[in-house]
Amino acid sequence: MATLHLRIGDLVWGKLGRYPPWPGKIVSPPKDLKKPRGKKCHFVKFFGTEDHAWIKVEQLKPYHAHKDEMIKINKGKRFQQAVDAVEDFLKKAKGKEQNADGKGDSKGKKTPHKPLKILEEDDEDLSALKDPSEKDLTDSDPEPSTAERLGTGPGSGFKWESSSVKDDPHFHHFLLSQSEKPGSSMEPISKRLKIIEEDTGSTSIQAADSTAINGSITPTDKRIGFLGLGLMGSGIVSNLLKMGHVVTVWNRTAEKCDLFIQEGARLGRTPAEVASMCDITFSCVSDPKAARDLVLGPSGVLQGIRPGKCYIEMSTVDPETITELSQVITSRGGRFLEAPVAGSQQVSNDGMLVILAAGDRSVYEDCSSCFQAMGKTSFFLGEAGNAARMMLILNMVQGSFMATIAEGLTLAQATGQSQQTFLDILCQGQMASTFVDQKCQNILQGNFKPDYYLKHIQKDLRLAISMGDMANHPTPMAAAANEVYKRAKALDQSDNDISAVYRAYIH
C-alpha cells in the first residue's frame, strides 16, 4: 500500500472513531500542544465547525480523490453545509491566487510565496515514529496564505491545558472556544461554561459552542432513555442515535418507535421500564397533564426511579409542574433536571435546538454529549423552574409575533396591497429573519404542515399569561394573541402549524 504523504494546507477527509468521515484541512497545531504518543497523526481543522483534532494518518484520505465517494454515503444537511464550506474556501483561494498572479505580472515578477510550514516531527514524544520520506515535503507546493493564518491564528492564542487532553492517546479532540480573548483556556465542553451575571443576582451558565456536528463529539457511555416521539422528540432521538448514544425509546403510540428501532434504538415497554433500564431518561410530551401522567401514572417513570437515576423533563410546562416533578423524583433518590428546548421540528431534525436547563447542575454536565447532539447551544439557568419560566416567555413572544405577522398579511390584503410585496419589504428591514420568511411563504402557499403545533403555542400563551397573573404582571399583548389562537383552534387548526393562525383572520 502506497504511503500517504500529507502536509499543512492539504484538504482531507478525517474519520473520528465510529463517526462518518468529515471534510477538514491540515493546519499547524498550537506550539505548546504536543502530538499524542503512538501512531503518526496530523492536526486537522474541520469545516463547518470550530472543531480541531489529532487524526491518525490511516484515518485520513485526500479530499478531492474521495469527494464523490464521501458525498454518496453521507446525506446529512450539516455534512452538505461542511462540503459547501470547503468549496467556498477553494473558490476564495483560487481568487486570491489569480489576484496575486495579476499583481505579479504588472510588476514584471511574481512575489515568492512563503515555504510550507510542515507539522513538527521531531517532538521527543514521536521521534521514533518519524517517517524519513517526509523530509522532501519542504520542497512541495507553497502553502496558501489562508492556511498560514489558520495555523498561526486563533488556535495559537489559546492556553491548552493538559486536563483537556486525557482520553484516547491517539486521538485528542478539542472544541475551540469562539472567544477572541487570547487567554481563554481549553477545557472539555462540560467544563467550558460562560458565566453571565444577571441583574437579579441569579447566575446563567451557557455551554460554550455546543454545536452538534457529525463526528465532533464523543457520546456518553451512560444508557439513555427517551419518552415521547412527537415533532420534537423524533428529531432529538434521531440525532442522539447518529452521534452514537445507546438509546431506549418509548412512545404512547408504539408504532412510532419502529423507525428508531431500525436505526438501532432499543424498545422500552413502559416508562417505568425505560427509567429502570437507563441511567438518564429524557421526556418530551405535549403539556403539563401529559408530563405528570408520564411520571405519576400507572407504570410511570417514578416506579423505575432508583437512587442515582437521572430524569430530564424537556416538555414546555409551567414552573409549578416542574417543582412537583422535581420533588417526587428526588424523594426517590433520583436526580432531576428540566431542559425545555427552543426550536421547531426542522430545527430539531437539524440538531440545532437551544436547550434551557435548570435543576441539578451535575446532571446538566453528565448530559453534555446529549445536548451537543441535539442542539447548538445550551444554557444552565439555576434552580428548577427557571427554565420553564424562560421558555414560556420566549414562546409568548414568538406566538404573539406570529399572530401580528398574520394580522399584517391579512390587513395588506384587505386594503388592496400585495401580500408578497409586504413580505419582500419586511424581509429587507430590521425584522428580517428566516422565521419570518419561511412562515410567510408557507402562508402564501397555503402550506400549514406542522413544524410547531398551533395548539401547543396556544397552550404556552395560556401558561405565560397565568404566570404573569401570579407575578402580578400585565400581559395584554399575549392575552390578545391568545384569543386569536383560540379562534384558530375553533376553526380546526389545532394540529396545523402555528402559522395557521392566519386563518383566524380570514374566516
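Residues numbered from 1 in each chain as written. Predicted model: local features only at pLDDT ≥ 70, side-chain atom pairs only at ≥ 80, totals over all residues. Heavy atoms only, no water.

Right, let's talk about the side chain of threonine 248 for a bit. Mapped onto the fold, threonine 248 is located in strand E12 (residues 247-250). Not counting chain neighbours up to four residues away, the residues in contact with threonine 248 comprise Ile224, Gly225, Phe226, Arg266, Leu267, Gly268, Val274, Met277 and Cys278. (Helix = DSSP H or I, 4+ residues; strand = E, 2+ residues; numbered from the N terminus. Contact = heavy atoms within 4.5 Å.)

Looking at the secondary structure, you find alanine 384 in the loop between strand E19 (375-380) and helix H13 (386-414). Its relative accessible area of 23% is what places alanine 384 among the partly exposed residues. Sequence separation of alanine 384 and leucine 337 is 47 residues, and the distance between their C-alpha atoms is 7.0 Å. Not counting residues up to four positions away in its chain, the partners in contact with alanine 384 are Ile322, Ser326, Phe336, Glu338, Ala358, Gly359 and Arg389. (Buried < 20%, exposed > 50% of the residue type's maximum accessible area, 1.4 Å probe, protein only.)

Let's shift gears to the pairing of strand E16 (residues 335-338). With four bridges connecting them, strand E15 (residues 310-313) and E16 associate as parallel partners. Bridge assignment links glutamate 313 to a residue of E16, and that residue is glutamate 338. Handedness of the β-α-β unit built from E15, helix H9 (residues 319-331) and E16 comes out right-handed. With two bridges connecting them, E16 and strand E18 (residues 353-359) associate as antiparallel partners. Bridging from a neighbouring strand, leucine 337 pairs with glycine 359 of E18. (Pairing = 2+ DSSP bridges. Right-handed = clockwise from strand over helix to strand, strands pointing away.)

Let us look at the pattern of salt bridges. Under the counting rule described, the total for this entry stands at 14 salt bridges. In this structure, the salt-bridge partner of arginine 361 is glutamate 365, at a minimum N-O distance of 3.3 Å. In this pair, arginine 361 and glutamate 365 are both assigned in helix H11 (residues 361-366), four residues apart and thus about one turn of the helix distant. Residue arginine 361 is classed as partly exposed on the basis of its relative accessible area, which comes to 29%. The partner of lysine 455 in a salt bridge is aspartate 495, and the shortest N-O contact between them spans 2.7 Å. Highlighted residues: lysine 455 in helix H16 (residues 454-470) and aspartate 495 in the segment after helix H17 (476-490), separated in sequence by 40 residues. According to the relative accessible area criterion, lysine 455 is partly exposed, its value standing at 31%. Of the residues examined, aspartate 495 reaches a relative accessible area of 44% and is grouped as partly exposed. (Salt bridge = Lys/Arg side-chain N within 4 Å of Asp/Glu carboxyl O.)

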